[in-house]
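# Overview (structure and organization)
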Amino acid sequence: MSDTTHDGALATSTPPSADAGLTPAQLATKYGLSVSGARPGLAEYVRQIWGRRHFIIAFSRAKLMAQYSQAKLGQIWQVATPLLNAAVYWLIFGLILGAGKEMPPGTYVPFLMMGIFVFTFTQSSLMAGVRSISGNLGLVRALHFPRATLPISFSLQQLQQLMYSMIVVFVIAVSFGNYPRLSWLLVVPTLALQFVFNTGLAMIFARMGAKTPDLAQLMPFITRTWMYASGVMFPIAAYLKDQPAWVSDVLLWNPASIYMDLVRFALIDDYGAHNLPPHVWAFAVGWAVVIGLGGFIYFWKAEERYGRG
C-alpha cells in the first residue's frame, strides 16, 4: 500500500496486523497453542497413566531385579532381609521382654512375622515414594510422561516383593499349626486395599520429597516411630488395657495396624475377631479410598512443577 507525499514522493506503509492488540493468552487460543508440560485434566491424566500401564509394570520389574543385582545371594535378600529383622525382634521382644506372653503358645512367632512383612510393605512403599521424583530427575527432565507413573511403579515393585515374602508367611503359618481355610482368602482384599493405601501415601510423599529432598533423611525416624505405634511386635489391646480406651483405639485404627491385624486374623487360628477394632473393614476401605484417591489428586495438582527449578 502506498501514499503520495506533498512533494510528489511515494511513501509505503504496512497494513495493521490482524493480531495487533491481542494478549499472549488470546494469541495462544487463536493458534491452538498450549503451555509445554501443562497439567492435563484429571480424567485425561488417568487415561495417560492407563496408556502407560505396560511401562509401569516393566519399570517396577526392572527395579526389583536390579535391587540386589550386586549381591551374591541376589533376590534371596528380598525374603532374607525381613526374616533377619523378624529374628532380631523375636530375640528382643519375644524371648527377653516376653511380648507374646498374652498369647496362646505358638501364636507369637507367626504374629510377629506377619506384622513385620506386612508393615515392611507399607514402609518400603513410603521410602521409595519419597525418592521417586527427586531420585529420578534425569528421567523426569528428559521425557514427557505422567509423573504419577513413578510412585505407582515403586509401589508395584514393593507389592511384587511382598508376594515372595508371603510364601514364607504361609510356610510359617502352617509350621505353627495354622492350616489353610476359607479365611485365608481374606488376605487378597486386605493386601489389595493396602496397596491402594500405600500408593496414595507414596504419591503424597513423592510430591513433598520433590520439593524437599531432605525429607528422605527423616523418613527412617518417622517409619520407625510408626512401627512401634502399630503393634508390630506386641498386641496393642493387651498391652494398653490399663490405659484410657481412646489411646488403644487410636493405635488400633491406624492403617498399618488395621492391615496387619486383618492378615493375622485371616491366617492365625488363635487370633480371633476380639483382637480387631470395631468396623475394621470399614476403616480398611476408608483408609484406602481417602489416602489412595486423595494422594493421587494431591500429586496431580503439582504435575507441571516436577523436575523444574
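Here's what I pulled together on the structure shown here. Keep in mind that what you see is a predicted model, and the values were worked out from it rather than measured.

As a further point, take the layout of surface pockets. The space that makes up the largest pocket amounts to roughly 650 Å³. Lining the largest pocket are 30 residues, with Thr 120, Gln 123, Ser 124, Met 127 and Gln 158 sitting closest to its centre. At the level of secondary structure, the elements contributing two or more residues to the lining of the largest pocket comprise helix H4 (77–96), helix H5 (108–130), helix H7 (149–175) and helix H9 (215–229). The biggest single contributor to the lining of the largest pocket is H5, with nine residues. Within the lining of the largest pocket, the residues separate by chemical class into 13 nonpolar, 15 polar and two charged. Volume-wise, the second largest pocket comes out at about 320 Å³. Contributing to the lining of the second largest pocket are 18 residues, with Arg 207, Ala 210, Lys 211, Thr 212 and Tyr 306 lying nearest its centre. Of all the secondary-structure elements, those providing two or more residues to the lining of the second largest pocket are helix H6 (137–142) and helix H8 (187–211). When residues of the lining of the second largest pocket are assigned to their parent elements, the largest contribution, four residues, is made by H8. Considered class by class, the residues forming the lining of the second largest pocket number nine nonpolar, four polar and five charged.

Looking now at the environment of Gly 200. Positionally, Gly 200 belongs in helix H8. Along the chain, Gly 200 and Gly 129 lie 71 residues apart, while their C-alpha atoms are 9.5 Å from each other. The contact partners of Gly 200, leaving out residues within four places of it in the chain, are Ile 291, Gly 292 and Gly 295.

Empty space left among the atoms is revealed by rolling a probe the size of a water molecule over them. Inspection of the entire model under this criterion finds one cavity of 30 Å³ or more. Reported here for the largest cavity is a volume of approximately 60 Å³. What lines the largest cavity is Phe 111, Ser 230, Gly 231, Phe 234, Pro 235, Ile 236, Ala 237, Leu 252, Asp 261, Arg 264, Tyr 271 and Asn 275. A class-by-class count of the residues in the lining of the largest cavity yields seven nonpolar, three polar and two charged.

In this structure, His 279 takes a positive phi of about 55° despite not being glycine. Its location among the elements puts His 279 in the loop between helix H12 (255–267) and helix H13 (280–300). Residue classification places His 279 among the exposed residues on the basis of a relative accessible area of 62%.

Attention now moves to the packing of aromatic side chains. Any aromatic ring pair is given by two values, namely how distant the centres are and how the planes are angled relative to each other. Evaluated as defined, the whole model comprises 14 aromatic pairs. Where Tyr 108 meets Phe 111, the ring centres are 6.1 Å apart and the plane angle is 25°; that geometry is what we call stacked. Taken together, the residues span about one helical turn, with Tyr 108 and Phe 111 both in helix H5 at a distance of three residues. When sorted by exposure, Tyr 108 lands in the same class as Phe 111, which is buried. Measuring from ring centre to ring centre gives 5.8 Å for Phe 119 and Trp 226, while their planes differ by 80°; the resulting arrangement is edge-to-face. Taken together, the positions of Phe 119 in helix H5 and Trp 226 in helix H9 put the pair 107 residues apart, joining distant regions of the chain. Judged on exposure class, the residue Phe 119 and its partner Trp 226 are both buried. Through successive ring pairs, a cluster of aromatic residues spans Phe 55, Phe 59, Phe 145 and Phe 154. When the ring centre of Tyr 298 is taken as reference, the NZ or CZ atom of Arg 207 above it lies at 4.2 Å. One cation-aromatic arrangement involves Arg 264 over Phe 111; the distance from NZ or CZ to the ring centre is 3.6 Å.

A few words now on a nonpolar patch on the surface. On the surface, a nonpolar cluster with roughly 680 Å² of combined accessible area is contributed by Val 88, Trp 90, Leu 91, Ile 92, Leu 95, Ile 96 and Leu 97. In this fold, Val 88 is placed in helix H4. On the basis of relative accessible area, Val 88 is assigned to the partly exposed category, the value being 45%.

Let us now look at the pattern of salt bridges. This model, assessed by the stated rule, comprises three salt bridges. Notably, a salt bridge pairs Asp 261 with Arg 264, separated by 3.1 Å at the nearest N-O pair. On the criterion of helical spacing, the pair formed by Asp 261 and Arg 264 is a turn pair, its members being three residues apart in helix H12. Residue Asp 261 is classed as buried on the basis of its relative accessible area of 4%.

Definitions and limits used
Residues numbered from 1 in each chain as written. Predicted model: local features only at pLDDT ≥ 70, side-chain atom pairs only at ≥ 80, totals over all residues. Heavy atoms only, no water. 1 Å grid on protein atoms, 1.4 Å probe; cavity = no way out; pocket = protein on both sides within 12 Å on 5 of 7 lines; lining within 4 Å. Points joined across faces, edges and corners; volume = space filled by probe spheres on them. Helix = DSSP H or I, 4+ residues; strand = E, 2+ residues; numbered from the N terminus. Nonpolar A, V, L, I, M, F, W, Y, C, P; charged D, E, K, R; others polar. Contact = heavy atoms within 4.5 Å. Buried < 20%, exposed > 50% of the residue type's maximum accessible area, 1.4 Å probe, protein only. Phe/Tyr/Trp six-rings, centres within 6.5 Å; stacked < 30°, edge-to-face > 60°. Lys NZ or Arg CZ within 6 Å of the ring centre and 35° of its normal. Patch = residues over 30% accessible without salt bridge, like charges linked within 9 Å, V, L, I, M, F, W, Y side chains within 5 Å. Areas by Shrake-Rupley, 256 points an atom, 1.4 Å probe, with all protein chains shown as cover. Salt bridge = Lys/Arg side-chain N within 4 Å of Asp/Glu carboxyl O.

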